[in-house]
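Summary of the model geometry
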Amino acid sequence: MTELLRVQHVSKRFGGVIAVQDVNFTMRQGEILGLMGANGAGKTTLFSMIAGNVATTSGQIHFEGKLVPARPDLACRLGVARTFQIVRPFPGMTVLENCLIGTLYGSGRQKNLQAARKTCRTLLDELGLGAQADKPAASLTLAGRKRLEIARALSTHPKLLLLDEVLAGLNATEVNEALSLIQQLKQHYGLSIIIIEHVMKVLMRMSDRIVVMHDGHQLMEGTPAEVGNDPRVIRAYLGEQKNVRAA
Ligand SMILES: Nc1ncnc2c1ncn2[C@@H]1O[C@H](COP(=O)(O)OP(=O)(O)OP(=O)(O)O)[C@@H](O)[C@H]1O
């Protein structure tokens, strides 16, 4: 499969805090890559650098062979879109208008407003938000706002979707629904996905490969089975006795 993303010796320092240190991995087109790590491990900072929200202190990130600039608008035009852990809709705009912005200005920029509206309605239908399309974003439930966050990212027509804890705060039924939805969207839009998720069982189930972060470092990279059985991961997250898959 074709290489999509290359993260090379990437580090980020915020003043005296080293949030990410010398992280290296590649990702193939069509993969689902899990990003695992405890609070403060550096996962979101890594996302922010891949999405161009934050500049690297050192190292480089290439997407389809092109250097990802430290500008989210330009990274978006390359085909990278992200969600935020704390959802960021424009609350006063309707659900549809929130998506229109991405469709009109993202990587697949549609010039025609009517066509863009149609695209957004189809997308919102797929995400189960069709009935809410003309309501204000602020009126959605948490599960609805999480779906809108995904819709907003997809509206930019990305090739790589970065999902930052989109399942957090959802109940068991909502988590299962969201997982099937993500799989469907991946197939339909031919997406590659990097997912940050604290529920390990979910991450293990979804991911083709997992990169494990610990205190800003990359602890290891491997298949879910390799990660679940790795003594370093077990030591870092669960103590000596347990197995990650039992968590
Ligand atoms: N803008 C910032 N300024 C200063 N320090 C920051 C900034 N952003 C992140 N950090 C620090 O960098 C480290 C990594 O944070 P980051 O949010 O990337 O971790 P995380 O793995 O995503 O954690 P969580 O699972 O809690 O979201 C933490 O020590 C955090 O306090």
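What counts, and at which threshold
- Residues numbered from 1 in each chain as written.
- Predicted model: local features only at pLDDT ≥ 70, side-chain atom pairs only at ≥ 80, totals over all residues.
- Buried ≥ 20, exposed ≤ 12 C-beta atoms within 10 Å, placed from the backbone.
- Helix = DSSP H or I, 4+ residues; strand = E, 2+ residues; numbered from the N terminus.
- Pairing = 2+ DSSP bridges.
- pLDDT = per-residue confidence, 0-100.
- Contact = placed C-beta atoms within 7 Å.
- Near = placed C-beta within 6 Å.
- Nonpolar A, V, L, I, M, F, W, Y, C, P; charged D, E, K, R; others polar.
- Core = buried A, V, L, I, M, F, W, Y, C linked by C-beta atoms within 7 Å.
- Expected span 1.5 Å × (residues − 1).
- Axes fitted to C-alpha atoms, helices over the stretch in contact; angles between N-to-C directions.

For the chain, an unreviewed UniProt entry supplies the name Amino acid/amide ABC transporter ATP-binding protein 1 (HAAT family) and the organism Eoetvoesiella caeni.

Another aspect to go through is the pairing of strand E3 (residues 32-36). Of all five residues making up E3, five are buried, and the element is well covered by its neighbours. Along E3, one buried face is formed by Ile-32, Gly-34 and Met-36 and the opposite face, lined by Leu-33 and Leu-35, is buried too. Both E3 and strand E9 (residues 209-214) contribute to a ladder of four bridges, which runs parallel. Pairing of Met-36 across the sheet is with Val-212, part of E9.

Positive phi outside glycine occurs at Asp-22, with the angle close to 50 degrees. Along the chain, Asp-22 turns up in strand E2 (residues 17-28). Phi at Glu-64 is positive, roughly 50 degrees, even though this residue is not glycine. If you trace the backbone, Glu-64 turns up in the loop between strand E4 (58-63) and strand E5 (66-67). Residue Glu-64 is classed as partly exposed on the basis of its C-beta count, with 16 C-beta atoms lying within 10 Å.

Attention shifts here to the confidence of the model for the chain. Confidence along the chain averages 91 in pLDDT terms, with 96% of residues attaining 70 or more. The complex prediction reports pTM at 0.91, with the ipTM value standing at 0.96.

Take helix H3 (residues 95-105) next. All of the buried residues along H3 are Val-95, Leu-96, Asn-98, Cys-99, Leu-100, Gly-102 and Thr-103. Buried positions along H3 lie against helix H4 (113-126) and helix H5 (142-154).

A few words now on the site of the ligand. If you check the shell around the ligand, you find Phe-14, Val-17, Ala-19, Gly-37, Asn-39, Gly-40, Ala-41, Gly-42, Lys-43, Thr-44 and Thr-45 and nothing else. Every element with two or more residues in the shell around the ligand is listed here: E2 and helix H1 (43-50). Residue composition of the shell around the ligand, by class: four nonpolar, six polar and one charged.

Moving on, we come to the pairing of E4. Bridge count for strand E1 (residues 3-14) against E4 is five bridges, and the pairing is antiparallel. By the bridge assignment for E4, Gln-8 is matched with Gln-60. Where E4 and E5 come together, two bridges link them in antiparallel fashion. Within E5, the residue paired with His-62 across the bridge is Leu-67. Linking two consecutive strands that pair antiparallel, namely E4 and E5, is a turn of two residues; a positive phi of about 50 degrees is found at Glu-64 within it.

Here we take up the nonpolar core. Core analysis: the biggest nonpolar cluster contains 66 residues, and Leu-35, Ile-50, Val-80, Leu-124, Ala-151 and Ile-195 have the highest contact counts within it. In terms of residue count, H5 provides more of this core than any other element does, five residues in total. In this view, Ala-151 contacts Cys-99, Leu-123, Leu-124, Leu-127 and Leu-129; residues no more than four positions away in its chain are not counted.

Taking 1.5 Å of rise per residue, the 18 residues of helix H6 (residues 172-189) would be expected to cover 26 Å, and the 26 Å separating its terminal C-alpha atoms lies within 8% of that figure. Looking at the residues trailing H6, positive phi occurs at Gly-190, about 60 degrees.

In space, the four strands of this open sheet follow the order E2-E1-E4-E5, with antiparallel pairing throughout. Looking at strand neighbours, the two that pair on one side only are E2 and E5, the edges of this open sheet. Packing against the sheet, H1 makes contact with E1, E2 and E4, and its axis sits at approximately 60 degrees to E2.

Time to look at the sheet that holds E9. Pairing within the open sheet is mixed, and its six strands lie in the order E6-E7-E8-E3-E9-E10. Lying at the two open borders of the sheet, with one neighbouring strand each, are strand E6 (80-82) and strand E10 (217-222). Strand-to-strand, the axes of this sheet are offset by a mean angle of 15 degrees, without reference to chain direction. Alignment of E3 against strand E8 (residues 192-196), held across four bridges, turns out to be parallel.

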